[in-house]
Amino acid sequence: MTFLYKADPSRGQQWAKLFAERAPEVGFRVWPDLGDAREVRYLAAWAPPEDLHTLLPNVEVVFSTGAGIDQFDLSLVPPHIPVVRMVEPGIVEGMVEYVTQAVLSLHRDIFTYGRQQAAHEWGPLPVLSASERRVGVLGLGMLGQAVLERLKLFNFRCAGWSRTPRDIDGVECFAGHEALAPFLARTDVLICLLPLTSATRGILDKRLLSGLPRGAALINVGRGGHLNQEDLLDLLHSGHLSQAILDVTDPEPLPPTHPLWTHPCVRITPHIASATRPDTAVEVVLENLRRHREGRPMIGQIDRGQGY
Ligand code: NDP
Ligand code: OXD
């Protein structure tokens, strides 16, 4: 029985070491070293090979090495094979850190002070208390909820929006299309932590972002495909939005001449908000292998109908 890893090879070596320590009975291989392809029962991939079915005829479970699965072409994975995304504490910790620093930087006007410094200006701004700052998260799943739990500790006014209703202590919860307008109207800092699906592609467009109060800021840590980048530029130009922090873009990286690179009110990071951490992820994957063998539901198994 082989577990095949098909993603960043250096991380694959870390996974191989952890498997050797914690599950020596499982044969572990890093792509493109398949060994006997008929022996491969489990595949962990950022994106599965196009010829998955013929190449690995006996694969039983496909794991995404990321929390998102939009990079998967699900039509290549036969319907009887469960697809499992990465639901593991390391990826949550990284996202909580990233979003917390982004919200605090916006809250304490760090980007404005950066522009002032570049112009050799000394101009203190009034400090708003966190309880006066309204933060809103699109997506109340594993990551959205964890981020809000941390932001609550600073006393930010927290809200979130999801597809189905949620009830989270200390968070004003909104659900469904009709609730989007009131959610946006009360949001000064909007954080996108949605999965990219046919229902959410391009959701951050002029129409949605115009529903935010004037001067609001955007943090996109979902996927580049959520955001209409031209609309963002227009809204920054008109002053409707004050600042955008983008960890994800479309494409990645942006072309060298793309105006977002040099916009004074845009901060770009290269899709590093969070990543799967092999030491914590391997524990969850091994638990899932046990669950699969025992016919129990696996942690992070996706609903193909919803696409997440
Ligand atoms: P989850 O699947 O746990 O949560 C998704 C949330 O989005 C749920 O609350 C869900 O609603 C909501 N949602 C989905 N579709 C809709 C819709 N059409 N309308 C309204 N709400 C919707 O995902 P995670 O929290 O684990 O991850 C979110 C995304 O973060 C990933 O898919 C990935 O794209 C991104 N990511 C980015 C990283 C980075 O480094 N930048 C790292 C890791 C992840 P409901 O609760 O009703 O199901
Ligand atoms: C993920 C990512 O989805 O790294 O895990 O973006």
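About the cut-offs
Residues numbered from 1 in each chain as written. Chains lettered and ligands numbered in written order. Predicted model: local features only at pLDDT ≥ 70, side-chain atom pairs only at ≥ 80, totals over all residues. Heavy atoms only, no water. Salt bridge = Lys/Arg side-chain N within 4 Å of Asp/Glu carboxyl O. Helix = DSSP H or I, 4+ residues; strand = E, 2+ residues; numbered from the N terminus. Near = heavy atom within 4 Å. Polar contact = N/O pair within 3.5 Å; in protein donor to acceptor, adjacent residues only side chain to side chain. Nonpolar A, V, L, I, M, F, W, Y, C, P; charged D, E, K, R; others polar. Domains from an automatic or database assignment. Contact = heavy atoms within 4.5 Å. Buried area = accessible area lost by both parts, 1.4 Å probe. Phe/Tyr/Trp six-rings, centres within 6.5 Å; stacked < 30°, edge-to-face > 60°. Buried < 20%, exposed > 50% of the residue type's maximum accessible area, 1.4 Å probe, protein only. Lys NZ or Arg CZ within 6 Å of the ring centre and 35° of its normal. Pairing = 2+ DSSP bridges. Axes fitted to C-alpha atoms, helices over the stretch in contact; angles between N-to-C directions.

A.B. asks: Explain the pattern of salt bridges here, please?
C.D. replies: If charged atoms from side chains of opposite charge come close, those side chains can pair. What the rule picks out here adds up to 15 salt bridges. Across the salt bridge formed by E21 and K17, the nearest N and O atoms sit 3.3 Å from each other. On the criterion of helical spacing, the pair formed by E21 and K17 is a turn pair, its members being four residues apart in helix α1 (residues 9-22). Within the structure, one salt-bridge network assembled from shared partners comprises E287, R290, R291, E294 and R296.

A.B. asks: Even after reading the chapter, I still don't get the site of ligand 1, so can you show me in this structure?
C.D. replies: As a matter of local geometry, ligand 1 sits amid 28 residues, with R85, L140, T164, R166 and Y308 nearest to it. Measuring from a nitrogen atom of ligand 1, one finds a backbone N or O atom of V221 at 3.1 Å. Of all the elements in the fold, those that place two or more residues in the shell around ligand 1 are α5 (142-152) and β7 (157-162). Residue composition of the shell around ligand 1, grouped by class: 14 nonpolar, nine polar and five charged.

A.B. asks: Can you walk me through the domain arrangement of the protein chain in this structure?
C.D. replies: As a measure of interface size, the accessible area lost when the parts come together is often cited. For the protein chain, the domain assignment lists domain 1 (2-88 + 276-294) and domain 2 (91-268). Here the C-alpha centroids of domain 1 and domain 2 sit 33 Å apart. Listed per partner, the contact involves 11 residues of domain 1 and seven residues of domain 2. Both faces combined, the contact of domain 1 with domain 2 buries some 750 Å², and carbon together with sulfur accounts for 48% of it. The three residues of domain 1 that bury the most area against domain 2 are D70, E88 and R277, which together make up 61% of that side's buried surface. Between domain 1 and domain 2 we count three residue pairs in polar contact (both at pLDDT 80 or more) in total. The residue inventory of the side of domain 1 that touches domain 2, partitioned by class, reads four nonpolar, three polar and four charged.

A.B. asks: Please clarify how the site of ligand 2 should be interpreted in this entry.
C.D. replies: Looking at ligand 2, the residues that line it are W46, G66, A67, G68, I91, R223, H271 and S274. Here G68 contributes a backbone N or O atom positioned 2.8 Å from an oxygen atom of ligand 2. Tallied by class, residues from the shell around ligand 2 come to three nonpolar, four polar and one charged.

A.B. asks: Please explain the packing of aromatic side chains as it appears in this structure.
C.D. replies: Note on aromatic pairs: each is described by the distance of the centres and the angle between the planes. As enumerated under the stated definition, the model contains 10 aromatic pairs in all. A centroid spacing of 4.7 Å and a plane angle of 40° characterise the contact between F19 and F28, whose relative ring orientation is tilted. Residue F28 is classed as buried on the basis of its relative accessible area of 17%. Chaining the aromatic ring pairs together yields one cluster made of F3, Y5, W15, F19, F28, Y42 and F63. If you follow K6 out to its NZ or CZ, it ends over the ring of W31, 5.3 Å from the centre.

A.B. asks: What is the right way to read the sheet that holds strand β8 (residues 172-175) from this model?
C.D. replies: As a general point, the strands of a sheet are linked pairwise by backbone hydrogen bonds and lie either parallel or antiparallel. Taking strand neighbours across the sheet as the criterion, the seven strands line up as β8-β7-β6-β9-β10-β11-β12 in an open arrangement whose pairing is parallel. The open sheet terminates on both sides in strands that have one partner only, identified here as β8 and β12 (266-268). Averaged over neighbouring strand pairs, the angle between their axes works out to 15° when direction is ignored. Across the sheet, helix α3 (residues 89-107) touches β6 (134-138), β9 (189-192), β10 (216-220) and β11 (241-246), and the angle it forms with β11 is around 160°.

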